[in-house]
There are 2 protein chains.
Amino acid sequence: MARSASVKDVAAHAGVSLGTVSNVLNRPDRVSPDTRERVQRAMAELGFVRNESARQLRAGTSRTLAYVMLDASNPFFTDVAAGIDVAAEAADLSLMLFNSRNSSDREHSHLALLEQQRVQGVLVTPVDPDSPALDELAQRGTPVVIVDRTRSDQSFCSVAVDDVLGGRLAIEHLIDRGHERVAFVGGPATLGQVRDRRQGARAAWKAAGLPREDLVEISTTALDVAQGREAGQRLAGMAAQRRPTAAFCANDLVALGLLQQAIGAGQQVPADLAIVGYDDIEFAAAAAVPLTSVRQPRQELGRTAAELVLDEAANPAHGHRQVLFTPELVARASTLG
Amino acid sequence: MARSASVKDVAAHAGVSLGTVSNVLNRPDRVSPDTRERVQRAMAELGFVRNESARQLRAGTSRTLAYVMLDASNPFFTDVAAGIDVAAEAADLSLMLFNSRNSSDREHSHLALLEQQRVQGVLVTPVDPDSPALDELAQRGTPVVIVDRTRSDQSFCSVAVDDVLGGRLAIEHLIDRGHERVAFVGGPATLGQVRDRRQGARAAWKAAGLPREDLVEISTTALDVAQGREAGQRLAGMAAQRRPTAAFCANDLVALGLLQQAIGAGQQVPADLAIVGYDDIEFAAAAAVPLTSVRQPRQELGRTAAELVLDEAANPAHGHRQVLFTPELVARASTLG
DNA sequence: TCACAAGATTGAAACCTTTCAACAAATCGT
DNA sequence: ACGATTTGTTGAAAGGTTTCAATCTTGTGA
């Protein structure tokens, strides 16, 4: 392509100075109506497109926000992203999404690029929330908010949902429904989410005075559908009197896999096996046996995260806040049948 | 934050000229090992971060590719995005994702920003593939590839899947299974996909010599789960001898909604109603009655699109190509029971 | 008619990096 | 020991925009 026209070309073509062209672009009211029109016509004729690099270099500020997501194929994160998008749009910023696909390397290379681009702020659901790369990024001045994860210390803004409470809600619901032998399905335990949900589950179990060994743990290597199916087979393989009558899964993907396996093996849900998922993604309600699940306020999570990062970017007196949302149990047929 | 250090600061701190710092950054081999090390130490001490705007302004080239997706919450598109990502990574570019959420306005504002950013190339699944905004963008020199849509003319590179064939495969499968009254569920007809799939369905129906009125059309206002449920209710409301024994849905989300409604109403799938979806998203196989679906090579779609846009960016002799992939029917329990 | 204010336009400087011709120093061959 | 290479380093120019003090025009009030 021919090198595209610059303000200078437009100025020459319209017979005005280059400062005036810039004024038309940035303070149209400072310029008389007829010159303004002349300049705009010149822009149209030359196909002028503002060079954002130059603009940003001079102005020092970019008009974008970025969200580095852990796994774009998990609907939970796309819903969070939609919430961020709403807030970004309200602030007249564009949201760029990056997918680290569970890889630290990809995550770090995206973060490095974003820092070089001087984006207004970075939202990130990190592979490892305690990675020092995040500290360095923040320390050098990029506003960073951690999404759906928390840190041991309070050195960042973060938004997350109370997973311990969520685990408790799930188990209390199953206990209410009369179950006395329940499986917790999820893993790996290196994920904070998994640990917290399990911890809440155990606390509720203990509080109900039920014997510890009747909360059976089935560990998976990832939180996806395939692992849910696999866990279902292990469950099915257990001796009948030891087999749990209900399962609480660490997320909906696992729960859907488990549901599929159970129905495929001819079991009735919830009569033979009740199932509770986590996240309440759209496909949970749309499953053939609609799934009871712990709902997280995904959109609000994203919206709040965006507001925090914008505050950090704009407000010099910004103080870090850790926002914790409250989850909610949505009971459906997979436990109510 | 304190304004971050520039090459000039690094040069001063390391006691070298500014050109040398740039060499360390871009041609490390041209610089002697000890000065290189000195400069690198200075960078680390000052927390130097290269300013990408300035780099890009001078170098004229960005290191990013962008995909403007129609609906990030549809797993089909995130899978396509993953395919693009793989190819982008291989070319050492970063992929930025934007979500237009089915809005032309959002799509256009994203495209405008990307043009200003002078990205290497833009991949887009547009709300309206015939929008003149795309022509203008391409005409001004930004490489553009249309993904999962096609244009009447050949003025763009595009990658898509043969939807007419896909529709034919679905209906032929149902005819093979002995169905003689089938519903086509989908809409709105303004979507090229819907039109093509329906056209293929009709062609196959006609080729089998079946009466036209026995391919019943149930039109939806969108291709999502809620509309699928709604369509299910309309189906259920039909008089028994007029009611189709099978449904071909224009995508999997609709099929899942239909499946849910049917099972909720106590019907047996496929005995009372066989269902074929389209896209073969992961949740199709994971549904409680695994869904027969028409699979599209999603990742390959993305990968090919990325390769086309990179060729257009790099190769002056580039000619536009319209790549059409072949879909494939994956038969599962929802038609095989 | 003159002084002044208000409004419109100008042009140079600054933002930070990369590139490249030119220069300096070290190394080599003879 | 001397010119020719090679290796390493320099500094100015360029890239496109925005900003801002300065200048020019026009209109107003006395």
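Structure shown above.
Residues numbered from 1 in each chain as written. Chains lettered and ligands numbered in written order. Predicted model: local features only at pLDDT ≥ 70, side-chain atom pairs only at ≥ 80, totals over all residues. Heavy atoms only, no water.

1. Describing the pattern of salt bridges
By the definition in use, this model includes 38 salt bridges over all chains. Between B:Arg101 and A:Glu89 there is a salt bridge, with the nearest N and O atoms lying 3.3 Å from each other. Here B:Arg101, found in the loop between strand E2 (94-99) and helix H6 (104-117), pairs with A:Glu89, found in helix H5 (residues 75-90), and the two come from separate chains. With relative accessibility at 39%, the residue A:Glu89 sits in the partly exposed group. Counted as one network, the salt bridges with shared partners bring together A:Asp85, A:Glu89, B:Arg101 and B:Arg106. (Salt bridge = Lys/Arg side-chain N within 4 Å of Asp/Glu carboxyl O. Helix = DSSP H or I, 4+ residues; strand = E, 2+ residues; numbered from the N terminus. Buried < 20%, exposed > 50% of the residue type's maximum accessible area, 1.4 Å probe, protein only.)

2. Focus on the sheet that holds strand E10 (residues 292-295) of chain B
Residues and elements named next belong to chain B. An order of E7-E6-E8-E9-E10-E12 is seen for the 6 strands of this open sheet, with the pairing classed as mixed. Where the open sheet ends on each side, the last strands, each with one partner, are strand E7 (215-219) and strand E12 (328-330). Across this sheet, the average inter-strand angle for adjacent strands is 20 degrees, counted without regard to direction. The sheet contact formed by strand E6 (residues 182-186) and E7 spans 5 bridges and is parallel. Within the sheet, the bridge partner assigned to Phe-184 lies in E7 and is Glu-217. In this fold helix H8 (residues 163-176) packs onto E6, E7, strand E8 (246-249), strand E9 (274-279), E10 and E12, with an angle of close to 160 degrees to the strand it touches most, E9. (Pairing = 2+ DSSP bridges. Axes fitted to C-alpha atoms, helices over the stretch in contact; angles between N-to-C directions. Contact = heavy atoms within 4.5 Å.)

3. Points about the environment of A:Pro129
Residues and elements named next belong to chain A. Assignment of secondary structure puts Pro-129 in the loop between strand E3 (121-124) and helix H7 (132-139). Judged by its relative accessible area of 15%, Pro-129 falls in the buried class. For the pair Pro-129 and Ala-208, spaced 79 residues apart in sequence, the C-alpha to C-alpha distance is 33 Å. Dropping the residues within four chain positions of it, Pro-129 is found in contact with Leu-134, Ile-146, Arg-149, Thr-150 and Arg-151.

4. Structural notes on the protein's contact with DNA strand C
The immediate surroundings of DNA strand C are formed by 26 residues, with A:Ser17, A:Thr20, A:Arg58, B:Val7 and B:Arg27 found nearest. Taking all atoms of DNA strand C within 4 Å of the protein, the share assigned to sugar and phosphate is 70%. In this structure, A:Thr20 approaches DNA strand C through a side-chain N or O atom, which is 2.8 Å from a phosphate oxygen. Residues of the surface near DNA strand C, tallied by class, amount to 9 nonpolar, 10 polar and 7 charged. (Near = heavy atom within 4 Å. Polar contact = N/O pair within 3.5 Å; in protein donor to acceptor, adjacent residues only side chain to side chain. Nonpolar A, V, L, I, M, F, W, Y, C, P; charged D, E, K, R; others polar.)

5. Structural notes on the interface of chain A and chain B
The interface of chain A with chain B comprises 50 residues on the first partner and 49 residues on the second. Approximately 4,400 Å² of surface area, both sides summed, lies buried where chain A meets chain B, with 59% of it carried by carbon and sulfur atoms. One salt bridge connects A:Arg106 with B:Glu89, and the closest N-O pair in it is separated by 3.1 Å. The interface formed by chain A and chain B contains 19 residue pairs in polar contact (both at pLDDT 80 or more). Here the side of chain A that touches chain B is built from residues that sort into 23 nonpolar, 15 polar and 12 charged. (Buried area = accessible area lost by both parts, 1.4 Å probe.)

6. Some thoughts on unusual backbone geometry
For the bond running from A:Val269 to A:Pro270, omega is 10 degrees, close enough to zero to count as cis. Structurally, A:Pro270 is set in the loop between helix H11 (252-264) and strand E9 (274-279). Cis geometry is adopted by the peptide bond preceding B:Pro188, which originates at B:Gly187 and carries an omega value of -5 degrees. Of note in the backbone geometry, B:Asp279 takes a positive phi value of approximately 120 degrees without being a glycine. By the element assignment, B:Asp279 lies in strand E9. The phi angle at B:Asp280 is positive, at roughly 55 degrees, despite the residue not being glycine. Within the secondary structure, B:Asp280 sits in the loop between E9 and helix H12 (282-285).

7. Quick notes on the packing of helix H1 (residues 7-14) of chain B against helix H3 (residues 33-46) of chain B
Residues and elements named next belong to chain B. Running from N to C, H1 and H3 point in directions that differ by 120 degrees, and their axes come no closer than 9 Å. Viewed along their axes, H1 and H3 adopt a mutual orientation that is oblique. Note that H1 runs across H3; the crossing there is right-handed. Where H1 approaches H3, its residues Asp-9, Val-10, His-13 and Ala-14 are matched on the opposing element by Arg-38, Val-39, Ala-42, Met-43, Glu-45 and Leu-46. A breakdown of the residues in the contact of H1 with H3 according to their chemical character gives 6 nonpolar, 1 polar and 3 charged. (Parallel < 35°, antiparallel > 145°, perpendicular 65-115°, else oblique. Left-handed = near helix turned anticlockwise from the far one by under 90°.)

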